[in-house]
Amino acid sequence: MRDGGKGEYYEDDSAERGKISIRVVDTSDQNFRSLYDELTKEEQDLIVGPLEKESLAALGDMSTLPVPVLGLNYLPREVTAPDGLYQFGLSAEDEARQIANRLDAEGIDQILVLIPTGNWGDRLETALLDQLAENGGIALDIERYFREDNLRAVTADLLGITVSRDRAIDVERTAGIDVEFEPRRRQDADGIVMVAEPTVARQFKPLFAFYFGGDLPVYSPSMVYEGNPDPSRDRDLNGVTFTDTPWVLEKKNRFRDIVKEAMPDVRGQLGRLFAMGADAWNLSKRLPLLRQVDGATIDGQTGVLTMTPQGSIHREQLWARFSEGTPEQLPSLEPEETESDAPAMEGASNPN
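Source: prediction; values computed, not measured.

Observations regarding helix α12 (residues 268-292)
The terminal C-alpha atoms of α12 lie 35 Å apart, and with 25 residues this matches the ideal 36 Å at 1.5 Å per residue to within 8%. Of all the bends in α12, the largest measures some 65° and sits at R286, one to four residues before the proline P288.

Section: the nonpolar core
Counting residues in hydrophobic clusters, the biggest one holds 38 residues, and the most contacted among them are M194, F204 and F208. Per-element tally for this core: the top contributor is helix α8 (residues 198-210), with five residues. Ignoring sequence-local partners within four residues, the contact set of F208 consists of L114, T155, L158, L159, I192, M194, G213, G214 and V218. In this structure, L103, I111, I115 and L128 belong to the second largest nonpolar core, which totals 18 residues.

Side note on the layout of surface pockets
The rolling of a water-molecule-sized probe over the atoms marks out the regions of remaining empty space. Reported here for the second largest pocket is a volume of approximately 1100 Å³. Residue lining of the second largest pocket: 47 residues in total, with Y74, L90, S91, A92 and E93 positioned closest to the centre. Counting only elements with at least two residues in the lining of the second largest pocket, the list comes to β3 (83-87), α4 (92-105), α5 (119-135), α12 and β11 (313-316). Residue composition of the lining of the second largest pocket, by class: 20 nonpolar, 15 polar and twelve charged.

Focus: the environment of H314
Mapping H314 onto the fold places it in strand β11. Sequence separation between H314 and E95 is 219 residues, and the spatial gap between their C-alpha atoms is 9.6 Å.

Focus on the side chain of R202
In this structure, R202 sits in helix α8. Using a relative accessible area of 9% as the deciding quantity, one classes R202 as buried. There is a polar contact of 3.0 Å between the side chain of R202 and the side chain of D234.

Conventions we followed
Residues numbered from 1 in each chain as written. Predicted model: local features only at pLDDT ≥ 70, side-chain atom pairs only at ≥ 80, totals over all residues. Heavy atoms only, no water. Helix = DSSP H or I, 4+ residues; strand = E, 2+ residues; numbered from the N terminus. Expected span 1.5 Å × (residues − 1). Bend = angle between axes of the 7 residues up to and from the residue. Core = buried A, V, L, I, M, F, W, Y, C linked by side-chain atoms within 4.5 Å. Buried < 20%, exposed > 50% of the residue type's maximum accessible area, 1.4 Å probe, protein only. Contact = heavy atoms within 4.5 Å. 1 Å grid on protein atoms, 1.4 Å probe; cavity = no way out; pocket = protein on both sides within 12 Å on 5 of 7 lines; lining within 4 Å. Points joined across faces, edges and corners; volume = space filled by probe spheres on them. Nonpolar A, V, L, I, M, F, W, Y, C, P; charged D, E, K, R; others polar. Polar contact = N/O pair within 3.5 Å; in protein donor to acceptor, adjacent residues only side chain to side chain.

Shown next as structure tokens:
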């Protein structure tokens, strides 16, 4: 990520660059609050970092920061950000909200959800459900799983196959006869949100079809894609729609091409972190713009960047769908498409 910031710095040909000096400080073995107090005495204009959420939280008890900080992570939900703290990162919550909005735009309002067990999954689930509720959608069932779980059983539970089988067994026991039975998946779902890393997602996607859910559209965050084309392995992901950064999905990206020529190993998740570092540099120069101008945006390597009134940077990423094992970028949804669909979706999604 540090290299991404340096790379964007050296590619920056604006007059501002020559007036900016950068000092790199290793925070790995230091208390960040103490380090911050030391740096404020050096007349710095902006501190970029830290990357660790725990270190960033050390600033949470301050009401105002004497030197602004662009933190490369986000404070816990229960911590109020002090004035002067800006928060930016590759947020799972941002991607969850974008998935919910994409579902809404495509008229999908009753979904089934797969999310890994753990704190990260908890945050993603909360963001997804909050945005779904705001859009009038609902999660019919959420299955949390460990990658070591029996994924066949997890999928059967998600699609209602287990309930269907149990019902048939109850009928057999009650009637005392063998019942000829063919399981059916639940019929009230419009789509599936699959939060899974590639090795797990390649197992889940065929299981949807095996358990009669192959017709349901599947949506995923960027973690479903390793970031490098691998058609032979990713054919099992055909049809999965996912969101990812411009760094990964754009067909033409001059900055990425320059970086990869000089640093061929910058790929996959490392590439996303490199892109985040590049955007941190661009943000460092434009924080006042985003803070003071309503609707201001920055076209970054990690997405279109905007700022909330609380100083959190949100990203709007691109979309792609796997076809023949390769991601194909999807066109942006036009605003008028969403607006024209809104009345119909509102009526369909009203639970009352």
